[in-house]
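# Examining the three-dimensional arrangement
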Amino acid sequence: MTTLDESHPIALTRAPGVVRVLFEGHEIADSDDALILQEAHYPPVYYFPRDDVRMAFLRPTDKSTHCPYKGQATYFTIYRDRQIIEDAVWSYEAPPPP
């Protein structure tokens, strides 16, 4: 999928193979259904189905941001082995179409 706004293109493609996210050697996410979002000139970002993320290591925070193209983002902090990374993960719970 690619947005129709030529001034701010967004391309969404399925990641090839399995994508795994490790934090301090521990698996945080593992999916064969991850998506890669390429937005304008920004580096690509991977998005994972919630079922493929170890949510037990994430805690929601009060932080939120708004993107006119992707909607409202909510943030999560990683807690693992006494390590804490604030607002390290975000999610678009209700992205606008398409």
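One structure accompanies this document, and this report is about it. No experiment lies behind these values; they were computed from the predicted model shown.

## Notes on the overall build of the protein chain
If you tally the helices and strands in the protein chain, you get 0 helices and 8 strands. When the helices and strands of the protein chain are read in sequence order from the N terminus, they spell out β-β-β-β-β-β-β-β. Each principal axis of the C-alpha distribution contributes one length, and for the protein chain these read about 45 × 35 × 20 Å. Here the protein chain holds 98 residues, and 29% of them are scored as buried. Restricting to contacts in the protein chain with at least 6 residues of sequence separation, those with at least 24 account for 34%.

## Some points on the environment of Gln38
Topologically, Gln38 is positioned in strand β4 (residues 35–39). The exposure class assigned to Gln38 is partly exposed, which follows from its relative accessible area of 30%. As for Gln38 and Glu6, which are separated by 32 residues in sequence, their C-alpha atoms are 13 Å apart. Not counting the four nearest positions on each side in its chain, Gln38 is found in contact with Pro9, Ile10, Ala11, Pro43 and Pro44.

## Some remarks on the side chain of Lys70
Note on placement: Lys70 falls in the loop between β6 (58–67) and β7 (71–80). There is a polar contact of 2.4 Å between the side chain of Lys70 and the side chain of Glu39. Setting aside anything within four residues of it in sequence, one finds Lys70 in contact with Ile10, Leu37, Glu39, Tyr47, Tyr92, Pro95 and Pro96.

## Details of the pattern of salt bridges
Using the criterion set out here, one finds 7 salt bridges in the structure. Between Asp33 and Arg14 there is a salt bridge; the shortest N-O distance is 2.3 Å. Highlighted residues: Asp33 in the loop between β3 (26–31) and β4 and Arg14 in strand β1 (residues 10–14), separated in sequence by 19 residues. You can call Asp33 partly exposed: its relative accessible area is 35%.

## Digging into the environment of Thr65
As for its position among the elements, Thr65 is in strand β6. Exposure remark for Thr65: the relative accessible area of 28% places this residue in the partly exposed category. Between the C-alpha atoms of Thr65 and Met55, which are 10 residues apart in sequence, the distance is 20 Å. Among all residues touching Thr65, those that are not within four sequence positions of it are Gly71, Gln72, Ala73 and Tyr75. Here Tyr75 takes part through its side chain, which lies 3.0 Å from a polar atom of the side chain of Thr65.

Calculation rules
- Residues numbered from 1 in each chain as written.
- Predicted model: local features only at pLDDT ≥ 70, side-chain atom pairs only at ≥ 80, totals over all residues.
- Heavy atoms only, no water.
- Helix = DSSP H or I, 4+ residues; strand = E, 2+ residues; numbered from the N terminus.
- Buried < 20%, exposed > 50% of the residue type's maximum accessible area, 1.4 Å probe, protein only.
- Contact = heavy atoms within 4.5 Å.
- Polar contact = N/O pair within 3.5 Å; in protein donor to acceptor, adjacent residues only side chain to side chain.
- Salt bridge = Lys/Arg side-chain N within 4 Å of Asp/Glu carboxyl O.

Take it as geometry only, folks, not as evidence of what the structure does.
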